[in-house]
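Okay, here's what each chain looks like letter by letter:
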Amino acid sequence: MTLAERVLDGDIRAAARLMRDIDDRFKSAIEELKTLYPHTGNAYIIGITGPPGAGKSTLVDQIVSAYRKKDLLVGVVAIDPTSPFSGGAILGDRIRMNRHADDAGVFIRSLATRGALGGLSRSTTDVVNVMDAMGMDVIVIETVGVGQDEVDIVSTAHTTVVVMVPGLGDDIQAIKAGILEIGDVFVVNKADRDGAERTARELTTMLEMKHPDADGWAPRVLQTEGVRGVGIEELVQEFDAHHIYLKESGALQRLTEERNAKLFADTLREELFETVFGTIKGNGKYDQIVAGMRDKSIDPYSAVQEVMAGRAFS
Amino acid sequence: MAERRIRVLVGKPGLDGHDRGAKIIARAFRDAGFEVIYTGLHQTPEQIVSAAIQEDVDLVALSILSGAHNTLLPAVREIMTEKGAADIMLMAGGVIPEDDIPGLKAAGIAEVFTPGTSTETIVGWVRDNITPHA
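Residues numbered from 1 in each chain as written. Chains lettered and ligands numbered in written order. Predicted model: local features only at pLDDT ≥ 70, side-chain atom pairs only at ≥ 80, totals over all residues.

Colleague: Can you lay out the sheet that holds strand β4 (residues 89-94) of chain B for me, pointing to particular residues and giving the numbers?
Modeller: Here six strands make up an open sheet; going across it, the order is β3(A)-β2(B)-β1(B)-β3(B)-β4(B)-β5(B) and the pairing parallel. One side of each edge strand has no neighbouring strand; the edge strands of this open sheet are β3 (89-91) of chain A together with β5 (111-113) of chain B. When the angles between neighbouring strand axes are averaged without regard to direction, this sheet yields 20°. Where strand β3 (residues 59-64) of chain B and β4 of chain B come together, six bridges link them in parallel fashion. By the bridge assignment for β4 of chain B, Ala61 of chain B is matched with Met91 of chain B. Docked against the sheet, helix α2 (residues 45-54) of chain B engages β1 (7-11), β2 (35-38) and β3 of chain B, running at close to 165° with respect to β1 of chain B. (Pairing = 2+ DSSP bridges. Helix = DSSP H or I, 4+ residues; strand = E, 2+ residues; numbered from the N terminus. Axes fitted to C-alpha atoms, helices over the stretch in contact; angles between N-to-C directions. Contact = placed C-beta atoms within 7 Å.)

Colleague: Kindly report on helix α8 (residues 232-249) of chain A, identifying the contributing residues and their values.
Modeller: Residue and element names in this part refer to chain A. For α8, with 18 residues, the first-to-last C-alpha span of 25 Å sits near the 26 Å given by 1.5 Å per residue. Residues of α8 that are buried include every one of Leu235, Glu238, Phe239, His242 and Leu246, and no others. Projected down its long axis, α8 shows its buried positions confined to an angular sector of 105°, all on one face. Along α8, the residues that are exposed and aim more than 90 degrees away from the buried face are Glu234, Gln237, Ile244 and Glu248. Contacts from the buried residues of α8 go to β1 (44-49), β6 (159-164), β7 (185-188), β8 (220-223) and α9 (251-282). (Expected span 1.5 Å × (residues − 1). Buried ≥ 20, exposed ≤ 12 C-beta atoms within 10 Å, placed from the backbone. Arc of directions from axis to C-beta.)

Colleague: Which residues make up the UniProt feature "domain: B12-binding" (unreviewed entry) in chain B, and what are the values?
Modeller: Those places that UniProt annotates as "domain: B12-binding" (unreviewed entry) correspond, in this numbering, to residues 5-133 of chain B. Helix makes up 41% of residues 5-133 of chain B and strand 19%, and the two end C-alpha atoms of the span are 10 Å apart. (UniProt positions renumbered as here; feature names shortened; annotations may be inferred.)

Colleague: How would you explain helix α7 (residues 196-209) of chain A if you had to name every residue and give the values?
Modeller: All names here are of chain A. The end-to-end C-alpha separation of α7 is 20 Å, in line with the 20 Å expected for 14 residues at 1.5 Å each. Burial in α7 covers these residues: Ala196, Thr199, Ala200 and Leu203. Each buried residue of α7 lies within a common arc of 95° when the element is viewed along its axis, so the set occupies one face. Every exposed residue of α7 that faces more than 90 degrees away from the buried side is listed here: Glu197, Glu208 and Met209.

Colleague: An account of the pairing of strand β2 (residues 74-80) of chain A is requested, with residue identities and associated values reported.
Modeller: Residues and elements named next belong to chain A. Counting buried residues in β2 gives seven out of seven residues, a clear majority hidden from the surface. Of the two faces of β2, the one carrying Val74, Val76, Ala78 and Asp80 and the one carrying Gly75, Val77 and Ile79 are both buried. Bridge analysis of β2 against strand β4 (residues 106-112) gives seven bridges, and the strand direction is parallel. Paired with Val74 across the two strands is Val106, which belongs to β4. Direction of pairing for β2 relative to strand β5 (residues 138-142): parallel, over a ladder of five bridges. Across the sheet, Gly75 pairs through a bridge with Ile139, a residue of β5.

Dropping the structure here:
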């Protein structure tokens, strides 16, 4: 049996291995993903993002528990940064959620960013697709701790949750561009701390200033205490409400199509580069170009045009 | 063909709360270019093995200072075998008497490191003995 067939058969080790093949960019993984693709599109995907230390992992842990109480199967993709110096990584999101490790209804996978800058890893969408094909009802993606511009999660998740904590800065921070534009749900976590009310009020004011969506979802600000599980029920109810809204407004279909289009474009970009670069490295053209740039007989822009005109990819 | 990156689970089985050693090892592994899944304190053998399988690691490295090594380490190994994951290597470090080491090795723990071992030695052992899953 192929890995993909074993995944569809419910084999956990096969799923874990396939995710690794995807992450390590094995060509064989492409074949497996082809087999799985028709089995995807059923899971509800939630993205959790926010600054480091906001309590994202702890919230994910609580969200997993809440969905398990409803008897739903839950997948988690937790992303942490790769060291730019050694290429290694410490993936520590599991610390907060490993009590679910031996629940057969939960599958948690940690991914390292491996140089990706948007808050996710390149493999995220494909790993989510494997979990989707495994039959997970809900998939929660936890991004790396983000600052202001790591917004790739929007094109990957159905519902994007921005987690904030009290005391991160004034309300001007909240009207800059970036992660505050992407939330479908906002959470002020650690709500037992001083200033939580104020942070929630400021966020609400900012959100109310925004022109309402043409198709009408108004993001709300909820307060939680992840460690004690306070506010989680309301949070999951808000997810349900957003999910229903997405389905009824047709936005779910649109998101799915955008996600597929992005996956196609990303895969194409990667394949094209590998094919063209591999070809010119193999036939000596690359060395010629490097030498040409050295003695200024060619510039990098003309070199690229020349390579493209030569259709190294066709 | 793309290259495999070594993935290691670093964990603390049982009830002891001393995680300095585990954190130092996790960091040394990160600096060696490995991807380290750190599962934190107070893990049951079942949790460790399930996490190791879901994360598809090549090696489970357990830090144990409680004295319960003769029980917990073989238990992890047995559950790995039960779950069809005997190919994942198991290594341990901590306050473990020399006399106990042969028994642990016989139970399938590939290597045991005791206090005073340098992180270079441990990283070197991983490089020499762990071949990432094909």
